[in-house]
Amino acid sequence: ANATHEVINATLHTLLAATTKLVAPTPPKPILPVQTGVQAQQEEQSSGMTIFFSLLVIAICIILVHLLIEYRLHFLPESVAVVSLGILMGAFIKIIEAQKLANWKEEEMFRPNMFFLLLLPPIIFESGYSLHKGNFFQNIGSIILFSVFGTAISAFIVGGGIYFLGRADVIYKLNMTDSFAFGSLISAVDPVATIAIFNALNVDPVLNMLVFGESILNDAVSIVLTNTAEGLTRENMSDVSGWQTFLQALGYFLKMFFGSAALGTLTGLISALISFFNFGDIYHIDLRKTPSLEFGMMIIFAYLPYGLAEGISLSGIMAILFSGIVMSHYTHHNLSPVTQILMQQTLRTVAFMCETCVFAFLGLSIFSFPHKFEMSFVIWCIV
């Protein structure tokens, strides 16, 4: 019995040692350093100047848009006017920096996180909240056709063109994987510019819906194609056949598309359920009696799907779009009249300010950093 017990213990130790070697321990998540003292004070001052500079730019752009509306200058779209104003402001700042009168490099820098986490969600959610749902779902087949096949065709044409032009020494030479990854990434249409320009021109509602819907849904297609192209360079993909790669890409796309849409829809239904509870005075929780709290709850649900989708590697744009559509159809009618008006006006105002900030900093970026015009710049001209 003792001998058997020792054999069993030795076997368990051997299996445990082998398992430990096969399964690598999960590395702890690093904790970012916290700035204190003088560094924290400098960071606070820099952030304060950035906020001041951004609000100043938005205020000037609001005055410009008011003048366009007041004098009925409809031939000049608001987005073009704001970008032009940003270019003029960037040139003025460049002159000041050249004369060594001030240095606003830190303030005029447009950070990616600022766009994706602060500016983009209100724009997309307001578009879904004020979306004409009849036109969208009546043309859902055409929208999906343009967003899936159109984006794929654009990605292959741009990626193939970059690859073959590089081989011909016309532009900077890239390998096939990098070329198609760039083509996939650049094929996603910018919904911010599309929404602003089409609203300014008052185009046909069906055309507006087709382009807007395609510009929203092609985000998932672009992400799938880009990740697929990057995945081909991994070592474990060398033995994977083309058919298996296609199936993996298809599965990833279905997860991205339907997962993001389901997450946004579920969040919108939960908000509608909570507002229905408020309306029916169930559980003795009625936020309709306090419009400020009710409005705060709706703002939380407006941002909730975007953060959750991005955190679990889904498309935050699609999630917040479908959440806005569901909330406008179900949740909006359960809110108090004060909150209904407050939601509509607040979303429109915040979306306008975010769009204005994006276009203004787009013009500022021309003079923000030195540009090196070389043959690789032809890539951007071709695109």
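Keep in mind the model is a prediction, meaning the values are calculated, not measured.

Considering the overall build of the protein chain
Logical step 1: Each helix and strand counted, the protein chain has 14 helices and 0 strands in total.
Logical step 2: Residues counted as buried form 37% of the 383 residues belonging to the protein chain.
Logical step 3: For the protein chain, the share of sequence-separated contacts (at least 6 apart) that also reach a separation of at least 24 residues comes to 78%.
Logical step 4: Of the roughly 22900 Å² that the protein chain leaves accessible, carbon and sulfur atoms contribute 69%.

A word on the UniProt feature "transmembrane region" (unreviewed entry) in the protein chain
Logical step 1: In this structure's numbering, the residues bearing the UniProt feature "transmembrane region" (unreviewed entry) are residues 51–69, 75–93, 114–131, 143–166, 178–201, 256–279, 300–330 and 350–369.
Logical step 2: Between the end C-alpha atoms of residues 75–93 there is a gap of 28 Å, over a span that is 84% helix and 0% strand.
Logical step 3: Across residues 300–330, the secondary structure splits into 87% helix and 0% strand, with the terminal C-alpha atoms separated by 16 Å.

So, the environment of V203
Logical step 1: Relative to the helices and strands, V203 resides in the loop between α8 (191–201) and α9 (205–231).
Logical step 2: V203 gets classed as partly exposed once you look at its relative accessible area, which sits at 24%.
Logical step 3: Ignoring sequence-local partners within four residues, the contact set of V203 consists of F198 and N208.

What about the environment of L210?
Logical step 1: With respect to the helices, strands and loops of the structure, L210 is situated in helix α9.
Logical step 2: As a C-alpha pair, L210 and I140 span 70 residues in sequence and 8.4 Å in three-dimensional space.
Logical step 3: Every residue in contact with L210, bar those within four places of it in the chain, is listed here: N139, S142, I143 and F146.

As for the pattern of salt bridges
Logical step 1: If you walk through the whole model with that rule in mind, you get 1 salt bridge.
Logical step 2: For D169, the salt bridge is made with K173, and the minimal N-O distance between the two is 3.8 Å.
Logical step 3: By relative accessible area, D169 is classed as exposed at 60%.
Logical step 4: Of the residues examined, K173 reaches a relative accessible area of 43% and is grouped as partly exposed.

Quick notes on the packing of helix α11 (residues 291–311) against helix α12 (residues 316–331)
Logical step 1: Close contact between α11 and α12 brings their axes to 8 Å; oriented N to C, the two are set at 150°. It follows that α11 is roughly antiparallel to α12 by the angle criterion. When you trace α11 past α12, the crossing you get is right-handed. Packed against α11, whose contacting residues are M298, F301, A302, P305, Y306, A309 and E310, the element α12 presents G316, I317, A319, I320, S323, M327 and T331 at the interface.
Logical step 2: Residues of the contact of α11 with α12, tallied by class, amount to 10 nonpolar, 3 polar and 1 charged.

Remarks on the nonpolar core
Logical step 1: Counting residues in hydrophobic clusters, the biggest one holds 54 residues, and the most contacted among them are F125 and M343.
Logical step 2: Contributing elements (two or more residues each) for this core: α2 (38–70), α3 (78–98), α4 (112–129), α9, α10 (242–280), α11, α12 and α13 (337–368).
Logical step 3: Broken down by element, the residue count for this core peaks at 9 residues, all from α13.
Logical step 4: Leaving out residues up to four positions away in the same chain, M343 has contacts with F125, Y129, F295, M298, I299 and L335.

Observations regarding the state of the cysteines
Logical step 1: Overall, the coordinates contain 0 disulfides when judged by the stated rule.
Logical step 2: Looking at C354, it has no disulfide partner, and the nearest cysteine sulfur is the one in C357, 7.3 Å off.
Logical step 3: Residue class for C354 comes out buried when judged on its relative accessible area of 7%.
Logical step 4: We classify C357 as buried; its relative accessible area is 2%.

Comments concerning the confidence of the model for the protein chain
Logical step 1: Confidence along the protein chain averages 75 in pLDDT terms, with 72% of residues attaining 70 or more.
Logical step 2: Mean pLDDT across the elements of the protein chain bottoms out in helix α14 (residues 377–382) (42) and peaks in α11 (88).
Logical step 3: In the model, residues 18–24 has pLDDT below 50 throughout and makes 0 contacts with residues more than four positions away in sequence or in other chains.
Logical step 4: Per-residue pLDDT stays below 50 along residues 371–383; that stretch engages in 17 contacts with residues further than four places along the chain or on separate chains.

Quick look at a nonpolar patch on the surface
Logical step 1: On the surface, I63, L67, Y71, L73, F75, L76 and V80 cluster together into a nonpolar patch covering about 700 Å² of accessible area.
Logical step 2: Mapped onto the fold, Y71 is located in the loop between α2 and α3.

A closer look at the side chain of S328
Logical step 1: Tracing the sequence through the fold places S328 in helix α12.
Logical step 2: Polar side-chain contacts of S328 include one of 2.8 Å to the backbone oxygen of I325.
Logical step 3: S328 has contacts with G128, Y129, K133 and H333, leaving out every residue within four places of it along the chain.

Focus on the packing of helix α6 (residues 140–167) against helix α7 (residues 176–186)
Two quantities define a packed helix pair, namely the angle between the helix axes and the distance between the axes.
Logical step 1: In contact at an axis separation of 7 Å, α6 and α7 are set at 140° when each is read in the N-to-C sense. One way to sum up the angle between α6 and α7 is to call them oblique. Considering how the two elements wind past one another, α6 and α7 form a crossing that is right-handed. Contact residues: α6 offers A155, F156, V158, G159, G160, I162 and Y163, while α7 offers M176, S179, F180, F182, G183, S184 and I186.
Logical step 2: Along the lines of polarity and charge, the residues of the contact of α6 with α7 split into 9 nonpolar, 5 polar and no charged.

Here we look at α11
Logical step 1: Here α11 spans 30 Å end to end across 21 residues, near enough to the 30 Å set by a 1.5 Å rise per residue.
Logical step 2: The largest bend in α11 is about 30°, located at Y303, with the proline P305 one to four residues further on.
Logical step 3: Residues E294, F295, M298, F301, A302, P305, Y306 and A309 constitute the buried set of α11.
Logical step 4: Following α11 by one or two positions, S313 adopts a phi angle in the positive range, close to 65°.

Calculation criteria
- Residues numbered from 1 in each chain as written.
- Predicted model: local features only at pLDDT ≥ 70, side-chain atom pairs only at ≥ 80, totals over all residues.
- Heavy atoms only, no water.
- Helix = DSSP H or I, 4+ residues; strand = E, 2+ residues; numbered from the N terminus.
- Buried < 20%, exposed > 50% of the residue type's maximum accessible area, 1.4 Å probe, protein only.
- Contact = heavy atoms within 4.5 Å.
- Areas by Shrake-Rupley, 256 points an atom, 1.4 Å probe, with all protein chains shown as cover.
- UniProt positions renumbered as here; feature names shortened; annotations may be inferred.
- Salt bridge = Lys/Arg side-chain N within 4 Å of Asp/Glu carboxyl O.
- Axes fitted to C-alpha atoms, helices over the stretch in contact; angles between N-to-C directions.
- Parallel < 35°, antiparallel > 145°, perpendicular 65-115°, else oblique.
- Left-handed = near helix turned anticlockwise from the far one by under 90°.
- Nonpolar A, V, L, I, M, F, W, Y, C, P; charged D, E, K, R; others polar.
- Core = buried A, V, L, I, M, F, W, Y, C linked by side-chain atoms within 4.5 Å.
- Disulfide = S-S within 2.5 Å.
- pLDDT = per-residue confidence, 0-100.
- Patch = residues over 30% accessible without salt bridge, like charges linked within 9 Å, V, L, I, M, F, W, Y side chains within 5 Å.
- Polar contact = N/O pair within 3.5 Å; in protein donor to acceptor, adjacent residues only side chain to side chain.
- Expected span 1.5 Å × (residues − 1).
- Bend = angle between axes of the 7 residues up to and from the residue.

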